[in-house]
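Chains, contacts and geometry: an overview
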Amino acid sequence: MKIHTTNYANTFIKIAEDCPVSKSEIPPFKGVKKSVAIMQFEMLAKNPYKFTSDDVLFQVFADRKDLTKKEYETERAKFFSKGQPCFRASPLTKRYGFGIHSDDKGKIAMYGVETEEYAKFVADKSIEKVKAMRSKRA
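Residues numbered from 1 in each chain as written. Predicted model: local features only at pLDDT ≥ 70, side-chain atom pairs only at ≥ 80, totals over all residues. Heavy atoms only, no water.

1. Let's talk about the packing of helix α1 (residues 36-46) against helix α2 (residues 53-64)
When two helices pack together, their arrangement is given by the angle between their axes and by how far apart the axes lie. Between α1 and α2, whose axes approach to 10 Å, the crossing angle comes to 130°. Taken together, the axes of α1 and α2 are oblique relative to one another. Classified by chirality, the crossing of α2 by α1 is right-handed. In this structure, α1 contributes Val-36, Met-39, Gln-40, Met-43 and Leu-44 to the contact, and α2 contributes Asp-55, Val-56, Leu-57, Gln-59, Val-60, Asp-63 and Arg-64. (Axes fitted to C-alpha atoms, helices over the stretch in contact; angles between N-to-C directions. Helix = DSSP H or I, 4+ residues; strand = E, 2+ residues; numbered from the N terminus. Parallel < 35°, antiparallel > 145°, perpendicular 65-115°, else oblique. Left-handed = near helix turned anticlockwise from the far one by under 90°. Contact = heavy atoms within 4.5 Å.)

2. Here's the deal with the pattern of salt bridges
Across all of its chains, the model carries seven salt bridges by this definition. Here Lys-131 ties to Glu-17 by a salt bridge, and the two come within 2.8 Å at their closest N and O atoms. With Lys-131 in strand β4 (residues 128-131) and Glu-17 in the loop between β1 (11-14) and α1, the pair connects residues that are 114 residues apart, well separated along the chain. Lys-131 sits in the partly exposed class, given a relative accessible area of 37%. Within this structure, Glu-17, Lys-131 and Arg-134 form a network of salt bridges that share partners. (Salt bridge = Lys/Arg side-chain N within 4 Å of Asp/Glu carboxyl O. Buried < 20%, exposed > 50% of the residue type's maximum accessible area, 1.4 Å probe, protein only.)

Rendered as structure tokens:
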């Protein structure tokens, strides 16, 4: 079974061109269950450069499906046997104004669009830059 990945290395994902905010926002809590945006935000806010994109995306999937730790290995292989949307499609980069930096090991951290760090990553010629996907077609 082929395993796909969403991981980048030495890459910065800039916010989407049509992102509605000029300053990053913490995703609001709505309803009973945490949204994907909140779950991703909480993992990255508490653990910069601890997880890869694959780690975060799978953990959110596992938590939403109430998987047990015993199921992780099998379910992770199944999850990545199909291509998965990367952080370019995350609500953090499309709606809430966070850029995602992947270091040389593929570990990620988020930075608000208004921060000095965000500007430094955008200006850094030594790392690749990609834009988050637009929410609406042009």
